[in-house]
Amino acid sequence: MATAHSRTAARLMVSPAVILLLLWMIVPLGMTIYFSFLRYNLLMPGMETWAGFDNYYWFVNNPAFWPALSNTLVLVVGVLAITTIGGTLLALLLDQPMWGQGIVRILVIAPFFVMPTVSALVWKNMFMNPVNGLFAHAAKALGLQPFDFLAHAPLASIILIVAWQWLPFATLILLTALQSLDREQMDAAEMDGAGPISRFIYLTVPHLTRAVTVVILIQTIFLLSVFAEILVTTNGGPGTASTTITYLVYAQSLLSFDVGGGSAGGIIAVILANIVAIFLMRMIGKNLES
Amino acid sequence: MKLTQRALLGATVSFALAGAALAETTITVATVNNGDMVRMQGLMDDFYAKHPDIKVEWVTLEENVLRQRVTTDIATKGGQFDVMTIGTYEVPIWGKQGWLVSLNDLPAEYDVDDLLPAMRGGLTVDGELYAAPFYGESSMVMYRTDLMEAAGLTMPEAPTWADIKTAAAAMTDKSKEQYGICLRGKAGWGENMAFLTAMSNSYGARWFDENWQPQFNSDAWKATLTDYLALMNEYGPPGASNNGFNENLSLFNQGKCGMWIDATVAASFVTGKESTVADKVGFALAPDNGLGKRGNWLWAWSLAIPAGTEKADAAKSFVAWATSKEYLEVVAGKEGWANVPPGTRTSLYENPEYQKVPFAKMTLDSINLADPTNPTVDPVPYVGVQFVAIPEFQGIATMTGQIFSAALAGSTSLEDALAQAQSVTTAEMTKAGYIK
Amino acid sequence: MARKVSNTRKTVITALAWTIGLLIFFPILWIIILGFKSEGDAIKTPFEVLFSSWTFESYHEVQERSDYFRHFMNSVIISLGSTLIALVIAIPAAWSMAFVPGRRTKDLLMWMLSTKMMPAVGVLVPMYLLFRDFGLLDSRAGLVGVLTLINLPIVVWMLYTYFKEIPGEILEAARMDGAGLKSEILYVLTPMAIPGIASTLLLNVILSWNEAFWTLQLTTSKAAPLTQFIASYSSPEGLFYAKLSAASTMAIAPILILGWFSQKQLVRGLTFGAVK
């Protein structure tokens, strides 16, 4: 159906988006690459000198770098695991007939509308605070010692907060997918004597693969740049226990005001993100094809 | 032709000037969301009455966000603010860069000689006053008189660290959620590192020796950290590694702390209306160790005008008003003398009304005891009591702050923490070229 | 074939779903409650909180201190503006990718998505300098531009997957009837894609509303949206739970209400092609 004419038209129509994104990528990225080769501290302007790969060297040899890398992975994988598994279960539950389904669905999707800063502040102060938080009050009511979440399980606490925000998103997409599942096929399988478990494994799971893929892809993009939640709750600590690559870049560029080092960190983060992206596309891009 | 042009230009300029004089000038003021600053926003009627041609636009931010916003803006000459609230750490560095407008030409009635010498000194670079102090603080011990009495102890006016330890042990009763001592543990150069650096001074420790070699491997730092961790682990509240000034204030106000060593400015809050222990608070100097130095710092939140602003005159009028004697009277008239921004003017401490405020004398004594050019026992190459006034300090102290906060949370041992702090600091100072 | 469900089963499921739903919603409910308490009561045990007296004190104080309405309007303009512009750019792009796919279309799409992975903090200084030079600091226009670019990839992708579901035959038929490219998009495709466009719009308004890095860094007062409003309550001196709760409620309420009322539209198009 595509004629030469419509092809040209198509090119023309796609070009504004492509050109804008290209500019958006190249201009700041180009400047960042340039800065990453400079000794450039914001507090000492006029002292910029060529630094070669020094900034990269210092960033990678920062004692926080490797912990940050693994924390980033744990955070992304942890949140993905909770939201996809939790989301699937929740979607299955919400797909069942019940009273007040609409209201329950509203309750479940609400966290998605909350600003990340607000949700981090609320969890930190009103829930996880070991003296005045709700969890502490609950522990005391049960006669237990309150657990200091942000000091002793900082990364897990952040994963919990972020997962709370993204669970609704996963649930919604999976629920929509579930609702498009062919009922007749399901009923036929039931009459053929397939139990609920085998129906789930052989019919529901394959049907949901595509939706899960989408959830993983979209969430990874957002999770790699999770930052406000860490800044508000733990400041990356104690020590480096909850420092991620994004947070490390922040610390370098906006706490030390070391633009050179921060830019080098930014470039490294872009490279790492692209590795993840390629990996993701290889792994699951196929699911999106058909 | 030339003449007409010049005439035209002249006319335009005079017209523009006339227009400017008539029109309202709007200045943008960046402030931190501390109580005294927020209070000022409610007292602006006095300013507007005196300066009907100036309108003030507030940008109120949390301390860390504020610092990062104003630093980015001034360093890139973004020109977003006409007045910035900055601390004693920034003023000398920024002043040296030529980023700030000198305030030496403030009107005579401002009475610049009335500013406390310690504060004025910290805000002056090469004879130019680059910021006007809005409120100043040192640190001191705030303690619960009722709990001390119940324990049969009295707090000396100038306690030692040993006194503090005894008192903390006597006042701790964890079953009643009553903790002997609350100290800063939250990572940050203005949080736990401010406290620890000040504390280490009284132990004779220093950040760097005269050749800029980091000193975290010294015995003095080890003794500091050992005592700090022992105090906090045995008598401190849970979650201390996330407690900064605000968190501790809240704990103290709820009656959960026996002692709290922190900014003198907190005195008006712990005796104020939000406090449940307002009538049971005593004050003492920050502790020492018999080495001649006390663990108290010096800080002033100050108003500065970035160089390059087109509204420098309006900005100066505002700065002069906000840090004037008259402003103190305005606050006193509306909220009582106890709520006046403290620590900036000699005349305030000579005012018999203010002398009745329970913490007035202790605040002044603490401020006078701090010596930024001579912070600790041994000589140092830097200026600053609880900080080192070099641009690299924020970054380094942020990292060491993380390490010490991990030590407090128990995820790093004391020895490892000091070794890590030493290596991080050495690396950064090498990178910055101090260590050749 | 109608499926019969026993009432016991339905009761059990209802109870379970409501419990989980309330648990997930609880943090939001809690800040709404705390916003109506006094500072002193807000830190008490949950039981005491519930039975303490209700007050508008915190809302009054927040309203007195900050100009909520201005921040709110900025949030509305910025999130709606950036979404609308992104839609205008993305609709033709998504159309051509969906109906005239080339060999590189998939790669192009993935590349677009990958531009979202750039950590914003790493490019702050370059952006700040650019904004300064173009006089865009503290302007709504500048923020609209940045947020448009940030959300453009997601918008293109959502629309692309949605357009792909539309059978090509319909377009062919339209073309046979002599419809030009423009009218094909305007009168045939767009009406069919309304649900997809609506949910794309909603999702992006939500994402832009909650964007808290650029909106905080690039604005000071005139263009400052609600994210900055929150930043002045985040950890002040003294007790602040009630004020923070009140401010938080005010910041999230508009988008929460919008989300609830339009959840049907949001859900219908929020598939990213996941439904086949």
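Computed from a predicted model, the values in this text were never measured in an experiment.

Draft legend 1. Geometry of the overall build of chain B. Counting its regular elements, chain B contains 19 helices and 11 strands. Over its C-alpha atoms chain B spans a radius of gyration of 23 Å, differing by no more than 12% from the 22 Å that the globule rule assigns to 436 residues. Each principal axis of the C-alpha atoms in chain B carries an extent, and together these give about 85 × 55 × 35 Å. Residue burial in chain B is summarised as follows: out of 436 residues, 55% are buried.

Draft legend 2. Representation of the overall build of chain A within the structure. The number of helices and strands found in chain A is 13 helices and two strands. Expressed as lengths along the three principal axes of its C-alpha atoms, the size of chain A is roughly 80 × 75 × 30 Å. Within chain A, buried positions represent 53% of all 290 residues. Sequence separation of at least 24 residues holds for 71% of the intrachain contacts in chain A that already meet a minimum separation of 6.

Draft legend 3. Examining the pairing of strand E3 (residues 83-86) of chain B more closely. Residues and elements named next belong to chain B. Burial of the side chains of E3 extends over both faces: Val83 and Thr85 are buried on one face and Met84 and Ile86 on the other. As paired elements, strand E1 (residues 25-32) and E3 share two bridges and run parallel to each other. For valine 29, the partnering residue across the bridge sits in E3 and is valine 83. When E3 meets strand E11 (residues 299-304), the two strands line up antiparallel, connected through three bridges. Residue pairing across strands places methionine 84 opposite alanine 304, the latter belonging to E11.

Draft legend 4. Highlighting the interface of chain C and chain B. Opposite the 19 residues of chain C that make contact, chain B presents 24 residues. The leading source of residues in the side of chain C that touches chain B is helix H7 (residues 124-133) of chain C, at three residues. The residue inventory of the side of chain C that touches chain B, partitioned by class, reads eight nonpolar, six polar and five charged.

Draft legend 5. Fine view of the interface of chain A and chain C. Listed by partner, the interface residues are 83 residues for chain A and 77 residues for chain C. Here the element with the most residues in the side of chain A that touches chain C is helix H1 (residues 4-36) of chain A; it accounts for 17 residues. For the side of chain A that touches chain C, the per-class residue count stands at 61 nonpolar, 18 polar and four charged.

Draft legend 6. Here's a closer look at the domain arrangement of chain B. Residues and elements named next belong to chain B. Domain boundaries in chain B define domain 1 (24-137 + 299-356) and domain 2 (139-296 + 391-431). Domain 1 and domain 2 are separated by 28 Å when their C-alpha centres are compared. For the side of domain 1 that touches domain 2, the residue count by class is four nonpolar, three polar and two charged.

Draft legend 7. Highlighting the nonpolar core. Core analysis: the biggest nonpolar cluster contains 309 residues, and Met142, Met259 and Phe318 of chain B together with Ala90, Ala94, Val156 and Leu159 of chain C have the highest contact counts within it. Of the residues forming this core, the biggest block, 16 residues, is contributed by helix H8 (residues 140-164) of chain C. Taken domain by domain, this core gets at least three of its residues from each of domain 1 (24-137 + 299-356) and domain 2 (139-296 + 391-431) of chain B. When residues no more than four places from it in sequence are discounted, the contact partners of leucine 159 of chain C are Ala90, Ile91, Ala94, Gly196, Ile197 and Thr200 of chain C.

Draft legend 8. Quick peek at the sheet that holds strand E8 (residues 179-182) of chain B. Residue and element names in this part refer to chain B. Taken together, the four strands give an open sheet; going across it, the order is E8-E9-E7-E10, and neighbouring strands pair in mixed fashion. Where the open sheet ends on each side, the last strands, each with one partner, are E8 and strand E10 (281-285). Going across the sheet, the axis of each strand differs from the next one's by a mean of 20°, ignoring polarity. As defined by bridge partners, strand E7 (residues 139-144) adjoins strand E9 (residues 257-263) across five bridges and the pair is classed as antiparallel. Following the sheet pairing, serine 139 is matched in E9 by alanine 263. Here helix H17 (residues 360-369) sits on the sheet in contact with E7 and E10, set at roughly 20° to E10.

Draft legend 9. Up close: helix H1 (residues 7-35) of chain C. Residues and elements named next belong to chain C. Between its terminal C-alpha atoms H1 stretches 39 Å, which fits the 42 Å expected from 29 residues at 1.5 Å a residue. At phenylalanine 26, H1 is deflected by roughly 50°, the largest bend along its length, and proline proline 27 occurs up to four residues later in sequence. Looking only at H1, the buried set comprises Ala17, Gly21, Ile24, Pro27, Ile28, Ile31, Leu34 and Gly35.

Draft legend 10. Representation of the environment of phenylalanine 245 of chain B within the structure. Residue and element names in this part refer to chain B. Structurally, phenylalanine 245 can be placed in helix H11 (residues 245-253). Linking phenylalanine 245 and glycine 185, residues 60 residues apart in sequence, is a C-alpha distance of 9.2 Å. When sequence neighbours within four positions are dropped, the list of residues in contact with phenylalanine 245 reads Arg184, Asp262 and Ala263.

Draft legend 11. Spatial organisation of the packing of helix H3 (residues 65-94) of chain A against helix H8 (residues 154-179) of chain A. All names here are of chain A. Viewed as axis vectors pointing N to C, H3 and H8 meet at an angle of 40°, and their least axial separation amounts to 6 Å. As judged from the angle between their axes, H3 and H8 are oblique. Seen from above, H3 lies across H8 with right-handed handedness.

Definitions and cut-offs
- Residues numbered from 1 in each chain as written.
- Chains lettered and ligands numbered in written order.
- Predicted model: local features only at pLDDT ≥ 70, side-chain atom pairs only at ≥ 80, totals over all residues.
- Helix = DSSP H or I, 4+ residues; strand = E, 2+ residues; numbered from the N terminus.
- Rg over C-alpha atoms; globule rule 2.2 N^0.38 Å.
- Buried ≥ 20, exposed ≤ 12 C-beta atoms within 10 Å, placed from the backbone.
- Contact = placed C-beta atoms within 7 Å.
- Pairing = 2+ DSSP bridges.
- Nonpolar A, V, L, I, M, F, W, Y, C, P; charged D, E, K, R; others polar.
- Domains from an automatic or database assignment.
- Core = buried A, V, L, I, M, F, W, Y, C linked by C-beta atoms within 7 Å.
- Axes fitted to C-alpha atoms, helices over the stretch in contact; angles between N-to-C directions.
- Expected span 1.5 Å × (residues − 1).
- Bend = angle between axes of the 7 residues up to and from the residue.
- Parallel < 35°, antiparallel > 145°, perpendicular 65-115°, else oblique.
- Left-handed = near helix turned anticlockwise from the far one by under 90°.

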